[in-house]
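Each chain is listed here by its residues.
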Amino acid sequence: MGIDSELLHKIKGVVECPNPDKDIRRFDANLRLFPPFIDNDVCPLTIKNTILQSCYLRNTEWVCGVAVYTGNETKLGMSRGVPEPKLTAMDAMIDKLTGAIFVFQIVVVIVLGIAGNVWKDTEARKKWYVLYPNEGPWYELLVIPLRFELLCSIMIPISIKVSLDLVKSLYAKFIDWDAEMIDYETGCPSHATNTAISEDLGQVEYILTDKTGTLTENKMVFRRCCISGIFYGNESGNALKDAQLLNAVASGSTDVIRFLTVMAICNTVIPVQSKTGAILYKAQSQDEDALVQAAAKLHMVLFNRSGNILDTMLLYFIMKCWRLWSSLLTGKGCQLWSEIARMERLSFCQKERMKLFFLMLLQLLEYLLMDQPIPGQQTRTFSEAVEQYAQLGLRTLCLAWRELKEDEYHEWYLMFREASSTLVDREWRIAEVCQRLEHDLEVLGVTAIEDRLQDGVPETIETLRKAGINFWMLTGDKQNTAIQIALSCNFISPEPKGQLLLIDGKTEDEVSRSFERVLLTMRITTSEPKDVAFVVDGWALEILLKHYRKAFTELAILSRTAICCRVTPSQKAQLVELLKSCDYRTLAIGDGGNDVRMIQQAAIGVGISGREGLQAARAADYSIGKFRFLKRLILVHGRYSYNRTAFLSQYSFYKSLLICFIQIFFSFISGVSGTSLFNSVSLMAYNVFYTSIPVLVSVLDKDLSEEMVMQHPQILFYCQAGRLLNPSTFAGWFGRSLFHAIVVFIISINAYAYEKSEMEEVAMMALSGCIWLQAFVVTLETNSFTILQHLAIWGNLIAFYVINWIVSSIPSSGMYTIMFRLCRQPTYWITVFLIVAAGMGPILALKYFRYTYRPSKINTLQQAERLGGPILSLGNIEPQPRSLEKEVSPLSITQPKNRSLVYEPLLSDSPNTRRSLGSGTPFDFFQSQSRSSSSSYSRNCKDN
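Remember, it's a predicted structure, so these values are computed and weren't measured experimentally.

1. Topic: the overall build of the chain
Helix and strand counts for the chain stand at 33 helices and 23 strands. Out of the 944 residues belonging to the chain, those deemed buried represent 50%. Put simply, of all contacts in the chain between residues at least 6 apart along the chain, 73% involve residues at least 24 apart. Carbon and sulfur atoms make up 57% of the accessible area of the chain, which totals about 45,200 Å².

What follows is the structure, given as structure tokens:
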């Protein structure tokens, strides 16, 4: 119905709405238009006719609306939380090391400050050339400590944050430039939105993944169906090419026509006719699109949806179905006790008889069939169809309908309008009214839609499991479908090796008993992590997170694999937070808007640019085109980033401590007075030019080739365990800086005594020794050399002399002719040679000993890569067992208040107990195998 544009300016009315809230799934309001428009009638408003902020308007040229909420009071504005800044594990370790160095610096300043004042009062006054006065003000006691504070201020490298930010930006660019991570099917490259957490990719321990669109292609294809007890498509695997179904359509079978009619009209798909006359479908759901496309291929074509008219075409004859359009009829407003979304359509057919076409999810099948006058054999047939399709990993839907008398409808519609206009408990009132129609439904059949796995998903999961990464699947699909997908993508081992521990129940008591059996099973089982997994649905998960969170946390620690079905977006985020509370590094990956909260909650969020849109990709830290690229993202980019950052951060401390220790040693021969050996220009150039450029080029270093890393993913454990950056490795670099400082200082002072040089020459000699040591240290720690790295290391060494020659030629520089005089002395070059030999000799010997007699797995791979020989086996690389911070008692399940719970015997061999443990499921529920509760599966966990 059109509206005159002049009347738009005259419309007056009132919008009755609740206070602003952040629930984007509901909007209960009414619209009252003043006469002469609708006689002051009430028009219910729901989320279905509400446009949220930042939404796009499609399939229409214009719209007439009114702004209800604006600014931060919009639903998206109130839901838009401020993401917490993500601190990587390496950044946290660097902060701890910085704190330790700061404490060490304070101790050094206090000790040397006291020693300097003591020497001044005891020895300095005896030296006539010092010229210390006999009496002085009290604040002279602070002069020497303040001098040492200035000398030791470079002990903490201020430039480390700048250097890290720079190299991390380069890491992110490497991900963006990676040609092997481009999805050529869609032309979508990988992209790093967050440039500060690349090294965390190499320390991932848990991956929490969505299923639809993440592991699967999200390309729904109609494969099979069961209509009136007859199976179609079982033999060919494609019901659309089943000759029996095509013949039934051609002959006008009543059951088949009804089935196809429901498929064609029970949806929110909008048909759009192109200029060529072809009909294109715009669908919010890929499932709906697959059903409508399948119905069209079977000659039941939905070709027009306009206002209150819905047009379908069967065998090119138009059958117009007049239907009533309301919030009930256009969306998923009617909910039953299970809160499963359903769609309804009320329509008049040619015979003007009112019928109810009902599309429901398969979990309502048993509930709806309880009151059905359907023969038992047919009921079993539908149940068998649902089970058979689910076992094949297909997405199943059940279609049902019943005739509705016109008088009954008018009576019901009055109650429905009243419930739709209420502002309090509207959803509950609508559900109560809708239950009056939900009886005597005739089940038409079951559909089965295939959502195929993406290419490379099983291989990717298998490879990442070898790297010690555990997987949890969080999906909104039904249990059987999720289990079959998990089997097909190597998520869990197949029967009989694999075990699935089911946590289910319809009441809290049943859920708690089932959960305790699973928990005790996990405590004593000795199966491999991949071979045992627990399965829980959203209802049971809500109870566990609310009443048994501490015990469920223990289960999360013991279980390396989990399948969570029918979970909501908030529950996904809660599970991520649960694993983060146990100090696990988590990565969440998804492709839809319902995965955004999970992605933002995880330590690392990865979004897939898929058919669900770009909500997840834009909210994530990294976006990729397909799930298989996750393997390269973690093993190659994550591992290289961790290794490079570990070296750069520790080297930055090393070079600062080296020059600072030389200053401290010089104070022992300068009366502990806090006098600086080096001038300020040399110190500035040392940090900015001489030592920064070589280490920044380390972003190109690769200890192993990409192919070797992908072939042996188990070496990722060195990154997960923090083997390259921890207090132990930092102590090694600290000791190296102290040793090198002693070598440089002693050799330089001896050369000074031999040549009777000036102190400026000694300072330049010591600085030269430091620069040469820096070059050889970087060379020793570099695994793969490129032309750029050689230029940075040796070119920087040449630049040191060029810069100092230029400075030495300036009379006012304070270094006039020093470098010219030193370079002409053989003693200078001998001193430099002795410094390098004495400083690098022990380190080379130690590295040779470790590489030859105690090689690590990485050293073995490096040697094999250089020699070109095969690697037979690296053996198992397992993490060290870590126990819980607080031991959980054997019966640590906390009961809800005012509830009593009696647990049945858990290890009983009675048939009833075996049946309660899940007999008849695809896997054996329980195996009586013992395992110590302090096994390697234990982890540090914070109390929740």
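Still more ground to cover, so stick around.
2. As for the layout of surface pockets
For the second largest pocket, the calculated volume is near 1,600 Å³. The wall of the second largest pocket is formed by 38 residues, among which Leu724, Glu781, Lys847, Arg850 and Asn859 lie closest to the centre. Those elements that provide at least two residues to the lining of the second largest pocket are α22 (629-667), α27 (727-755), α28 (759-781), α31 (826-853) and α32 (857-867). Residues that form the lining of the second largest pocket fall into these classes: 15 nonpolar, 12 polar and 11 charged.

3. Some details on the packing of aromatic side chains
Overall, the coordinates contain 32 aromatic pairs when judged by the stated rule. Aromatic side chains Phe647 and Tyr651 sit 5.6 Å apart centroid to centroid with 35 degrees between the ring planes, which places their arrangement in the tilted category. A residue pair is termed a helical-turn pair when its members lie 3 or 4 positions apart in one helix, as Phe647 and Tyr651 do in helix α22 at four residues. Its relative accessible area of 14% is what places Phe647 among the buried residues. Ring plane angle 50 degrees and centroid distance 6.1 Å describe the contact between Phe665 and Phe745, whose orientation is recorded as tilted. Here Phe665, found in helix α22, pairs with Phe745, found in helix α27; they are 80 residues apart in sequence, far enough to count as distant. The residues Phe665 and Phe745 share a single accessibility class, namely buried. The rings of Tyr206, Trp472, Phe515, Phe534, Tyr548, Phe552 and Tyr584 are connected pair by pair, giving a single aromatic cluster. The side chain of Arg736 reaches across the aromatic face of Trp733, ending 4.4 Å from its centre.

4. Brief notes about the sheet that holds strand β19 (residues 532-537)
Ordered in space as β4-β23-β22-β21-β5-β17-β20-β19-β18, the nine strands form an open sheet in which the pairing is mixed. Where the open sheet ends on each side, the last strands, each with one partner, are β4 (191-192) and β18 (499-503). As paired elements, strand β22 (residues 604-608) and strand β23 (residues 622-624) share three bridges and run parallel to each other. In the sheet register, Ile608 faces β23, and the bridge partner there is Ile624. The strands touched by helix α14 (residues 457-466) are β5 (206-209), β17 (470-474) and β20 (561-565); relative to β17, the strand with the most contacts, the crossing angle is about 135 degrees.

5. Here's the deal with the environment of Ser153
Considering the arrangement of structural elements, one finds Ser153 in the loop between α4 (143-152) and α5 (160-177). Between the alpha carbons of Ser153 and Gln105 there is a distance of 8.0 Å; along the sequence they are 48 residues apart.

6. Remarks on the environment of Pro494
You can see Pro494 is positioned in the loop between α15 (479-488) and β18. For Pro494, a relative accessible area of 55% translates into the label exposed.

7. Observations concerning the pairing of strand β6 (residues 216-227)
Across the 12 residues that make up β6, a large majority, nine, are buried. Direction of pairing for β6 relative to strand β7 (residues 230-232): antiparallel, over a ladder of three bridges. Directly across from Cys226, in β7, lies its bridge partner Phe231. The turn linking β6 back onto β7 is made up of two residues, and Ser228 within it adopts a positive phi angle of 50 degrees.

8. So, the pattern of salt bridges
Across all of its chains, the model carries 23 salt bridges by this definition. One salt bridge in this structure joins Asp183 and Lys626, with 2.6 Å as the shortest N-O distance. Of this pair, Asp183 sits in the loop between α5 and β4 while Lys626 sits in the loop between β23 and α22, and the two are 443 residues apart along the sequence. Taken individually, Asp183 and Lys626 each receive the classification buried, so the pair is uniform in this respect. Arg585 is paired through a salt bridge with Asp200; the nearest N and O atoms lie 2.3 Å apart. In this pair, Arg585 is assigned in the loop between α19 (569-580) and β21 (586-590) and Asp200 in the loop between β4 and β5, connecting sequence segments 385 residues apart. One network of salt bridges, in which partners are shared, links Asp178, Glu180, Arg632, Lys702 and Glu706.

9. Things to note about the nonpolar core
If you look at the biggest cluster of nonpolar residues, it comprises 136 residues, and the most contacted ones within it are Ile207, Ile563, Leu587 and Leu630. With 23 residues, the single largest contributor to this core is α22. When near neighbours in sequence (up to four residues on either side) are disregarded, Ile563 contacts Met473, Ala482, Ile483, Ala486, Phe491, Ile492, Leu500, Phe534, Val535 and Val536. Core analysis: the second largest hydrophobic core is formed by 38 residues, Tyr206, Leu575, Met598 and Ala602 among them.

10. Examining unusual backbone geometry
Although it is not a glycine, Ser228 sits at a positive phi angle of roughly 50 degrees. Structurally, the position occupied by Ser228 is in the loop between β6 and β7. For Ser228, a relative accessible area of 30% puts it in the partly exposed group. At Thr817, a residue that is not glycine, the phi angle is positive and equals roughly 65 degrees.

11. With respect to the packing of helix α7 (residues 254-265) against helix α8 (residues 286-297)
The geometry of α7 relative to α8 is characterised by a closest axis approach of 8 Å and an angle of 135 degrees between their N-to-C directions. Classified by the interaxial angle, the pair formed by α7 and α8 is oblique. The two elements α7 and α8 meet at a crossing, and its hand is left-handed. Along the contact surface, α7 presents Leu260, Met263 and Ala264, while α8 presents Leu291, Val292, Ala294 and Ala295.

12. Side note on the packing of α28 against helix α29 (residues 787-808)
It is the contact of α28 with α29, at a shortest axis distance of 9 Å, that shows an interaxial angle of 165 degrees. One finds that α28 runs roughly antiparallel with respect to α29. For α28 against α29, the interelement crossing comes out right-handed. Residues Met764, Leu767, Ser768, Ile771, Trp772, Ala775, Phe776, Val778 and Thr779 of α28 form the contact with α29, whose participating residues are Ile793, Trp794, Leu797, Phe800, Tyr801 and Asn804. Here the residues of the contact of α28 with α29 are counted per class, giving 12 nonpolar, three polar and no charged.

13. Looking at the sheet that holds strand β2 (residues 29-33)
Overall, antiparallel pairing links the three strands, which are arranged β1-β2-β3 in an open sheet. Lying at the two open borders of the sheet, with one neighbouring strand each, are β1 (13-16) and β3 (42-45). Taken over all neighbouring pairs, the strand axes of this sheet differ in orientation by 20 degrees on average, direction set aside. The pairing of β2 with β3 spans four bridges and is classified as antiparallel. Of the residues in β3, the one forming a bridge with Asn30 is Pro44.

14. Things to note about the side chain of Gln774
Counting through the fold element by element, Gln774 comes out in helix α28. Accessibility expressed as a relative area gives 3% for Gln774, which makes it buried. The contact partners of Gln774, leaving out residues within four places of it in the chain, are Tyr651, Tyr654, Lys655, Leu658, Tyr686 and Thr691.

15. Topic: α8
The end-to-end C-alpha distance of α8, which contains 12 residues, comes to 16 Å, matching closely the 16 Å that a straight helix rising 1.5 Å per residue would cover. Burial analysis of α8 places 10 of its 12 residues in the buried class, the great majority of the element. Of the positions making up α8, those classed as buried are Gln286, Asp287, Glu288, Asp289, Ala290, Leu291, Val292, Ala294, Ala295 and Ala296.

The rules behind each value
Residues numbered from 1 in each chain as written. Predicted model: local features only at pLDDT ≥ 70, side-chain atom pairs only at ≥ 80, totals over all residues. Heavy atoms only, no water. Helix = DSSP H or I, 4+ residues; strand = E, 2+ residues; numbered from the N terminus. Buried < 20%, exposed > 50% of the residue type's maximum accessible area, 1.4 Å probe, protein only. Contact = heavy atoms within 4.5 Å. Areas by Shrake-Rupley, 256 points an atom, 1.4 Å probe, with all protein chains shown as cover. 1 Å grid on protein atoms, 1.4 Å probe; cavity = no way out; pocket = protein on both sides within 12 Å on 5 of 7 lines; lining within 4 Å. Points joined across faces, edges and corners; volume = space filled by probe spheres on them. Nonpolar A, V, L, I, M, F, W, Y, C, P; charged D, E, K, R; others polar. Phe/Tyr/Trp six-rings, centres within 6.5 Å; stacked < 30°, edge-to-face > 60°. Lys NZ or Arg CZ within 6 Å of the ring centre and 35° of its normal. Pairing = 2+ DSSP bridges. Axes fitted to C-alpha atoms, helices over the stretch in contact; angles between N-to-C directions. Salt bridge = Lys/Arg side-chain N within 4 Å of Asp/Glu carboxyl O. Core = buried A, V, L, I, M, F, W, Y, C linked by side-chain atoms within 4.5 Å. Parallel < 35°, antiparallel > 145°, perpendicular 65-115°, else oblique. Left-handed = near helix turned anticlockwise from the far one by under 90°. Expected span 1.5 Å × (residues − 1).

Read these as layout, nothing more, since geometry by itself doesn't imply function.
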